[in-house]
Amino acid sequence: MVPPLRIVLAGSVVGLLGACQVFKPVGPDFQAPAVQLPAAWSAPAAAQAPAPLDEAAFWAQFQDPLLQSLLAEADANNLDLASTAAQVAAAEGVLRATQGGTLPSVALGADSTYTQPDLAGKIRRETAGSTTHQVLAQSSWELDFWGKQRRAVEADAASLQSAQQRMASARLSVQASVASVYVQWRLAQTRVTVAQSNLAQQEENARIARVRFQVGSSSELDWRQAQTQLAQTAAQVPNLQSAVAKNRHALAVLIGQSPGTLVARLQASSQPRALPAEPLRWPQTAPADWLRRRPDVSQALWAAATQSARIGQAEAALYPSFTLSGALGVSGSGSAEDLFSWDSRLVNAGLNFSLPVFDRGRLKAQVQVQDAAFRQALAAYQNQVLKAQQEVEDAFTLLRNSREQARLTQDAQTAAHRAAELAMSRYRAGQVDFLTVSSAEQNRLQTADAAAQARAAVLQAVISVYRAMGGAWPDAQD
């Protein structure tokens, strides 16, 4: 007994759909490339494993509520982050659209067509035409034998992951930038305070030199030298105040505000004009494999995965494509009751076959283009890993040397302060001229300023380590 045609067609469709799932998608399956990672960093600060620390705990170590508030505002309002978030949303939309393309497309339509009498009807003096009504549901579905659609979904899913890692990288960069600029702002304030403190002392020294000149205990040269030193120190203050304003304006932009709107708030801040505290917990060394957790490294890896899937997508276009199509509806020129009767039904189904013949050269070229883009993405990933290693090496070295420099400049500041006191004491006793006092005061100003800059350099080095490690560091076993 010969089976009905509809049974044969149904069995064929089921077989085709099953074949779509059995066939492996053409093109390469992505595997993360091997990269060379050091067994240990060349210049670790100490042989100590990093203590687990989350993001909030890390920034809390600076003991500066204003800094934490600015970081939160940057998270919410930074315009670079807003732009990157929009890119992530766009990537999500593209993925949903691609996933929708793997399903059958269905369109529902209705129309009415009026037809005038033909020539024979006009000869018979017929004046009324005919109206045909049609309600039709049409569907088509391209069978994914070669994995073209699956590779497209794979590529767009990897692209979404890349966009999300780009977002994480941008957020890390903004956090580090806010903290870095904040430290520069506090440093500029501290340097102004140091200069003003030395100004007060030098004003007193100039008064003593003037009195001693007036009573004949010293020459006018001492007095003029004191005035010169006082004026030179005062001349440094405007430049330092410009640095305060410049960093304040940069902070405003980072948190998504107009520079002028942040001035009053920061000037009215009850926070002391001092540098934040130095964090006591930070990774003095870390496993080299931690480089893989950096957002920019992950982003480069997902970008390579995207291009790998694009190769298969382009290669699938070289093979035949099969599309199932069908329509179901009613068509007629009678009343509504007649239109929706069984006799007015309209049913058709088909299997379309397409094979590229004359444009295979162009399609092969597209495969070569995607393959070249994949190799470029692989090289970019490997280069990003190397750059990450460089940044970690630089950050650890900078941290170690900055701490040593801060210790030495603090010792120099203590010694210079004591030397200035001794020089003034001996000057009052008439044992030395004012040149000795002037030199000692200059050293005191320079060492105090250098000590402030060295303390800020340690904070900047800690921030650099935070950035280089890809943010807060979890338990090494995680």
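The numbers attached to residues start from 1 for each chain and follow its sequence in the written order. Given that the model is predicted, a residue must reach a pLDDT of at least 70 before its local features are reported, and side-chain atom pairs must reach 80 or more before they are shown or counted; all residues, however, enter totals for whole chains, interfaces and linings. Hydrogens are left out, water is left out, and the side-chain values use all remaining heavy atoms of the structure.

Participant: Honestly, the nonpolar core in this entry has me stumped. Any pointers?
Facilitator: The nonpolar side chains of a soluble globular protein tend to be buried, and buried together. Residues belong to a common nonpolar core when they are buried Ala, Val, Leu, Ile, Met, Phe, Trp, Tyr or Cys residues joined through side-chain atoms within 4.5 Å. The cut-offs for exposure are 20% and 50% of the maximum accessible area for each residue type, with area from a 1.4 Å probe on protein chains only; residues under the lower value are buried, those over the upper are exposed, and the others partly exposed. Core analysis: the biggest nonpolar cluster contains 57 residues, and Phe58, Trp59, Phe62, Leu70, Val178, Tyr182 and Leu251 have the highest contact counts within it. In this text, helices come from DSSP runs of H or I with a minimum length of four residues, and strands from runs of E with a minimum of two, each type numbered from the N-terminal end. Only helix 2 (55-60), helix 3 (65-77), helix 6 (148-214), helix 7 (220-254), helix 9 (295-316), helix 11 (360-428) and helix 12 (434-468) provide two or more residues apiece to this core. Counting residues per element, this core draws most heavily on helix 6, which supplies 15 residues. Ile208, Ala209, Ala420 and Val437 belong to the second-largest nonpolar core, a separate cluster that totals 12 residues.

Participant: Any chance you could explain the packing of aromatic side chains here in plain terms?
Facilitator: What describes a pair of aromatic rings is the distance from one ring centre to the other and the angle between the planes of the rings. Classification of ring pairs uses Phe, Tyr and Trp, with its six-membered ring standing for Trp, and accepts pairs whose centres are within 6.5 Å; under 30 degrees between planes counts as stacked, over 60 as edge-to-face, and the remaining range as tilted. Summed over the entire model, instances satisfying the criterion amount to 11 aromatic pairs. A centroid spacing of 4.8 Å and a plane angle of 75 degrees characterise the contact between phenylalanine 58 and tryptophan 59, whose relative ring orientation is edge-to-face. Tryptophan 59 matches phenylalanine 58 in its accessibility class, with the two residues each being buried. Judged by centre distance (5.7 Å) and plane angle (75 degrees), the ring pair of phenylalanine 58 and phenylalanine 62 falls under edge-to-face. Exposure class is identical for phenylalanine 58 and phenylalanine 62. Each is buried.

Participant: Explain a nonpolar patch on the surface here, please?
Facilitator: In this analysis, a patch consists of residues with relative accessible area above 30% that form no salt bridge, clustered at 9 Å for like charges and at 5 Å for the nonpolar side chains Val, Leu, Ile, Met, Phe, Trp and Tyr. What sets the accessible areas is the Shrake-Rupley method with a 1.4 Å probe; for residues, cover comes only from the shown protein chains. By definition here, a salt bridge exists when the distance from a side-chain nitrogen of Lys or Arg to a carboxyl oxygen of Asp or Glu is within 4 Å. A cluster of nonpolar side chains, contributed by Phe353, Leu355, Val357 and Phe358, occupies part of the molecular surface with about 500 Å² of accessible area. Structurally, phenylalanine 353 is set in strand 4 (residues 345-354).

Participant: What's the story with the environment of arginine 210 in this structure? I'm lost.
Facilitator: Note on placement: arginine 210 falls in helix 6. For arginine 210, a relative accessible area of 29% gives the class partly exposed. For the pair arginine 210 and leucine 221, spaced 11 residues apart in sequence, the C-alpha to C-alpha distance is 9.9 Å.

Participant: What's the story with helix 4 (residues 79-100) in this structure? I'm lost.
Facilitator: One turn of an α-helix holds 3.6 residues; hence residues three or four places apart share an orientation. Counted at 1.5 Å a residue, the expected span for helix 4 with its 22 residues is 32 Å, and the 32 Å between its end C-alpha atoms agrees. Among the residues of helix 4, Leu81, Thr84, Val88, Ala91, Leu95 and Thr98 are the ones counted as buried. Buried residues along helix 4 cover an arc of 100 degrees about the axis, so they all sit on one side. The exposed residues of helix 4 that point more than 90 degrees off its buried face are Leu79, Arg96 and Ala97. The span expected for a helix works out to 1.5 Å for each residue beyond the first. The directions from the helix axis to the C-beta atoms are what the arc is built from.

Participant: Explain the confidence of the model for the chain to me, please; I cannot follow it from the model alone.
Facilitator: Interpretation of the predicted coordinates at a detailed level should be avoided for regions scoring low in pLDDT. On average, residues of the chain score 81 in pLDDT, and 81% of them reach the 70 mark or higher. As a per-residue measure, pLDDT reflects the predictor's confidence and takes values from 0 up to 100. By definition in these notes, contact holds between two residues if any of their heavy atoms fall within 4.5 Å. Here residues 5-12 is modelled with pLDDT under 50, and outside its nearest four sequence neighbours on either side it reaches one contact, counting other chains as well.

Participant: Sorry if this is basic, but what is going on with the side chain of serine 298 here?
Facilitator: As for its position among the elements, serine 298 is in helix 9. Serine 298 sits in the buried class, given a relative accessible area of 14%. If we ignore the near neighbours within four places in the chain, the residues touching serine 298 are Gln165, Arg292 and Arg293.

Participant: Explanation requested: the pattern of salt bridges in the structure shown.
Facilitator: Side chains that differ in sign of charge can pair as their charged atoms come close. According to the stated counting rule, one finds 16 salt bridges in the structure shown. The shortest N-O distance in the salt bridge between glutamate 154 and arginine 151 comes to 2.8 Å. With a gap of three residues between them, glutamate 154 and arginine 151 both fall in helix 6, about one helical turn apart. Aspartate 296 serves as the salt-bridge partner of arginine 294, at 2.6 Å between the closest nitrogen and oxygen. The same class applies to arginine 294 and to aspartate 296, which are both buried. Salt bridges linked by common partners bring Lys24, Asp29, Arg151 and Glu154 together as one network.

Participant: Help me out: how do you make sense of the packing of helix 9 against helix 11 in this one?
Facilitator: Between two packed helices, both the angle of their axes relative to each other and the distance between the axes serve to describe the pair. Relative orientation of the contacting elements helix 9 and helix 11 amounts to 170 degrees, with a least axis distance of 8 Å. Considered as vectors, helix 9 and helix 11 are oriented roughly antiparallel to each other. Crossing of helix 9 against helix 11: the hand is left-handed. Across the interface between the two elements, Asp296, Val297, Ala300, Leu301, Ala303, Ala304, Gln307, Ser308, Arg310, Ile311, Ala314 and Glu315 of helix 9 pack against Gln366, Val367, Gln370, Asp371, Ala373, Phe374, Ala377, Leu378, Tyr381, Gln384, Val385 and Ala388 of helix 11. Helix axes are fitted only over the stretch in contact, all axes being lines through C-alpha atoms; the angle between N-to-C directions runs from 0 to 180 degrees. For classification purposes, angles smaller than 35 degrees are called roughly parallel, those larger than 145 roughly antiparallel, those between 65 and 115 roughly perpendicular, and all remaining angles oblique. The sense of a crossing depends on the near helix, which, turned anticlockwise from the far helix by less than a right angle, makes the crossing left-handed and, turned clockwise, makes it right-handed.

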